[in-house]
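# Chains, contacts and geometry: an overview
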Amino acid sequence: MLAVYAPLIGGRNVSPWPRLTNSSPLSEWCQETSLSKNVKAWILRANHHEPPRHQPSDDFAHLCTLGRSIIEGDAKWDGDLRFIREFCYTKGYWEWTQDVLSRCGDRLRHLKIYDAVYASLFTYDHNSDIVKAFCEAWCPLTNTLLTSVGEMSISLWDLHELVGLPMTGCLYDEVVPSALELTGVDEKRERFIPRSCKYLLYAYYLLQSADDNRCSHVSIDKWVKFWSKKTTKYHPPPPRKEEKTVRPKLTHNPLGDIATHERWSTAEDALFAKLCIERSLKEEVYLAVYLACWLCLFVLPGNDVNSIRPSTYKMASLMANGRRVNLAIPVLASIYEGLNIVATSPKPASTSHYFPIHFVYAWLACYFKTHYSVWQELRGPNMTRFSGEGGAKYYQPREARKRIHKAEFVSWACNMLVKAEPFKFVDDGRAEKLDHSYFVAIRSSYLTLRQCGRFIVEPYSPHRFGRQFGPKSIKITLKRKKDEDKQVDGGENDPPHALIPPIVIECDSQAAVVEVSKGKCSSHNVADSDSSNKDRHWKRQRKEAMPLKATETNENASRSSLANFVAELEDEVQSIDVGEESETSHSSTMTPPLGMGLKRKQSSPPAAVSILKGERFLFNYQKEFVQSGGIVNMFFAKFVLMNEARSLSSEKLSQSLHEKQLKEVKARLQDVQAKASEEASEIQSVMDELEHVEEDIAVLKGQRTNLRATLKEKKQLNHDTQAKVHEVEKDLCST
């Protein structure tokens, strides 16, 4: 028996949305607003700009993370963090995926999921200490990663660029459809759910009935074996090893080549005939059953470990029928929920929640460079560059925390949308798909996921990690729904339903965060933000310049001589005196360029000079101005010499370092050439042995031919001898 739930999308069978009330779970992410003098309504808060009502502002200033809980003793790691159900090798799945990519490639490209399906041809490795450091810095309240250089997070745009998940389309509603929904039609006599869905349910019933244990679940292995009739080419990989210095040559994954599909085999035709599938629906049903497996195994793994969920049949059938579905939003909601469960658990290493953690591995590899790149060239999405067994670099716990928490090697622009000149997004329904997806990704909102009776709602706040998107200035224009040509400011008297969301955004490649208040918008850099107590922890400290250390004696000698020359120039510059001060003047200091710490005495100008006395004033101070000009010229001449000396020092030092690096490279090249020559000699020796063996084989073949001829002659002689013996026996008998 399968539990049936009312759908949220479809036709007449759609249940009405429940009326939003001020219940305790909703009070944290909604607020009451006045639509008019007598009408009030509850609306969703766009993001966490303000602390929750039940929390004081002082507590909200300290964002809680797993790392803080560990420091305070409320949580601890009791072993390595291991997720029980990660995406791994499944017998027959990769062969099935390659056939689907070849046979149904056009349908997948129309659905905008070809790259995401292609990404499931590979596994994704990770380093346990890197993932632990990531979870320690994850904030469940804001769904962001707190680092020393600012907040970061996994965005919808990251999933679109890394995985290829679509950000537009219908709502993902994962429920088991009822009989009325399966057979219902709309005003145009078109079905709410495609006919392919009933064949998936029928196959599930057959597999469940054939199980001797009468288990309520059907495993993914049985589902793949039932539908895929391809010959097994791939085998399980060896046990995973964590410690490694270089990437292994073998990834134990497919090469990624998609061959031309063959005609339906006899076994496949027999299966379609058994299920009474029409000829015109073969490809659609074949794609639907695969997409159901793909959703359960790769995109949205559930708590039913290694089981196929019948609730995915509806969405799989809709996609196979050509309907685009928004997958990035439910996937990111599942990721946020899974990370929050780990970050709030007192024993995070023993959590048994399942979510697509392999997307997090790919995000870490892209932003923090925690993985090696694959040897072969793949034509799939960006995450495939870090795929395969042994793809993750090895880190000690201290190194992992330094890499994640300090974020010294973070790549902010790895997924940024880059264009040649400033561009403008206009939300008028006519924007390009890529621009529209980017526009959606930078909007604060709530992410939702429904899986039968389980609902997930997670806040999405891209304004907190706006540096990943790169906008410098964002201009927002609000227009009324009725009159789109009339621009308004969105004042206090305008009700929320009279305005549509921001529709114009102008961007370039620098970082900023958007602030909107009463129709006015301003932007400021994330790294320079200190307007709130919440951001004061992320002010990046300025580091002192570390002096270079030379290693060779000739470098030290040249450096010391040039340093002495520079010191003499500095002494000469500092000894320059501007002149005698007047008795009533006040001395002041001037900050010289390049932080030299030079001091210059200046005389204060007269307090007031009239126009009539201007000529006399200039005449009296003309001599002093001339003397000061000569001194200034001497100062800049000395300063130019000092800069040239420093430049010469740095050039000589860089040249010596370049020579040293060149020597090291030459030494490595010689080693590689020596190894190559050794390997070539070994290969030549093996080839020589092979020639000897082939010669021996040829000799043995000749001997075998001669022996066969001799054996044939002996047999003939033996036959003649037996004939003579038989004749002699006859003669004896006759006598």
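Residues numbered from 1 in each chain as written. Predicted model: local features only at pLDDT ≥ 70, side-chain atom pairs only at ≥ 80, totals over all residues. Heavy atoms only, no water.

If you look the chain up in an unreviewed UniProt entry, it shows as Aminotransferase-like plant mobile domain-containing protein from Sesamum angolense.

Attention now goes to the overall build of the chain. Secondary structure assignment for the chain yields 20 helices and 16 strands. Taking the contacts inside the chain whose residues are at least 6 apart along the sequence as the reference set, 73% of them involve residues at least 24 apart. Carbon and sulfur atoms provide 53% of the accessible area of the chain, an area that totals close to 43,400 Å². (Helix = DSSP H or I, 4+ residues; strand = E, 2+ residues; numbered from the N terminus. Contact = heavy atoms within 4.5 Å. Areas by Shrake-Rupley, 256 points an atom, 1.4 Å probe, with all protein chains shown as cover.)

It is worth spelling out the nonpolar core at this point. Counting 133 residues, the largest nonpolar core has W96, W223, W227, W294, W363 and F368 as its most contacted members. Among the elements that line this core, the one with the most residues is helix 12 (residues 282–299), at 15 residues. Not counting residues within four places of it along the chain, the set of residues in contact with W294 comprises Y93, I113, A116, V117, S120, V299 and L327. (Core = buried A, V, L, I, M, F, W, Y, C linked by side-chain atoms within 4.5 Å. Buried < 20%, exposed > 50% of the residue type's maximum accessible area, 1.4 Å probe, protein only.)

Let us look at the sheet that holds strand 6 (residues 173–174). Strand order in this open sheet of 3 strands is 6-10-11, and the pairing throughout is mixed. The sheet is open, and its two borders are formed by strand 6 and strand 11 (454–460), each paired with just one other strand. Examined bridge by bridge, strand 10 (residues 445–451) and strand 11 share 7 bridges and lie antiparallel to one another. Looking at the pairing, Y446 lines up with P459 of strand 11. (Pairing = 2+ DSSP bridges.)

Next up on the list: the state of the cysteines. Inspection of the entire model under this criterion finds 0 disulfides. With no disulfide of its own, C64 lies closest to C139 among cysteine sulfurs, the gap being 7.3 Å. The partly exposed category is assigned to C64, whose relative accessible area is 45%. Considering cysteine sulfurs only, C366 is the nearest to C414, which forms no disulfide, with 3.3 Å between them. Owing to a relative accessible area of 25%, C414 belongs among the partly exposed residues under this scheme. (Disulfide = S-S within 2.5 Å.)

Summarising burial for strand 10: 5 of the 7 residues are buried, a large majority. Once strand 10 ends, the chain turns through 2 residues before running back antiparallel as strand 11, passing C452 with a positive phi of about 60°.

Taken together, K91, K225, K229 and K274 make up a surface patch of like positive charges. Of note, K274 is situated in helix 11 (residues 266–274). (Patch = residues over 30% accessible without salt bridge, like charges linked within 9 Å, V, L, I, M, F, W, Y side chains within 5 Å. Salt bridge = Lys/Arg side-chain N within 4 Å of Asp/Glu carboxyl O. Lys, Arg positive; Asp, Glu negative; His and termini not counted. Charge placed at Lys NZ, Arg CZ, Asp CG, Glu CD.)

It is worth spelling out the sheet that holds strand 5 (residues 150–152) at this point. Strand order across the open sheet formed by 3 strands is 3-4-5, with antiparallel pairing between neighbours. Each edge of the sheet is formed by a strand with only one pairing partner; in this case those strands are strand 3 (138–139) and strand 5. In the sheet, strand 4 (residues 144–147) pairs with strand 5 via 3 bridges, with the strands oriented antiparallel. Directly across from L146, in strand 5, lies its bridge partner E151.

The next subject is the pattern of salt bridges. A full pass over the atoms with the stated rule returns 14 salt bridges. The salt bridge involving R103 is made with D99; its shortest N-O contact spans 3.5 Å. Residue R103 and its partner D99 are both found in helix 3 (residues 93–103); the two are separated by 4 residues, about one turn of the helix. This pair shows no difference in class: R103 is buried, exactly as D99 is. The salt bridge involving K230 is made with D99; its shortest N-O contact spans 3.4 Å. Of the two residues, K230 sits in the loop between helix 10 (220–227) and helix 11 while D99 sits in helix 3, which places them 131 residues apart along the sequence. Note on D99: relative accessible area 8%, which makes it buried. Among the charged side chains, a salt-bridge network with shared partners connects D99, R103, K230 and E268.

Looking at the secondary structure, you find T231 in the loop between helix 10 and helix 11. The exposure class assigned to T231 is exposed, which follows from its relative accessible area of 65%. Spatially, the C-alpha atoms of T231 and W96 are 9.4 Å apart, while their sequence positions differ by 135 residues.

All right, on to the packing of aromatic side chains then. Scanning the model with the defined rule gives 24 aromatic pairs in all. Centroid distance F226 to W227: 5.3 Å. Interplanar angle 85°. Geometry classified as edge-to-face. For the pair shown, F226 and W227 are each scored as buried. A connected cluster of aromatic rings, assembled from ring pairs, spans F87, Y93, W96, W264, F272, Y286, Y290, F298 and F359. The side chain of R103 reaches across the aromatic face of W264, ending 3.8 Å from its centre. In this structure, R103 packs its charged tip against the face of Y286, placed 5.9 Å from the ring centre. (Phe/Tyr/Trp six-rings, centres within 6.5 Å; stacked < 30°, edge-to-face > 60°. Lys NZ or Arg CZ within 6 Å of the ring centre and 35° of its normal.)

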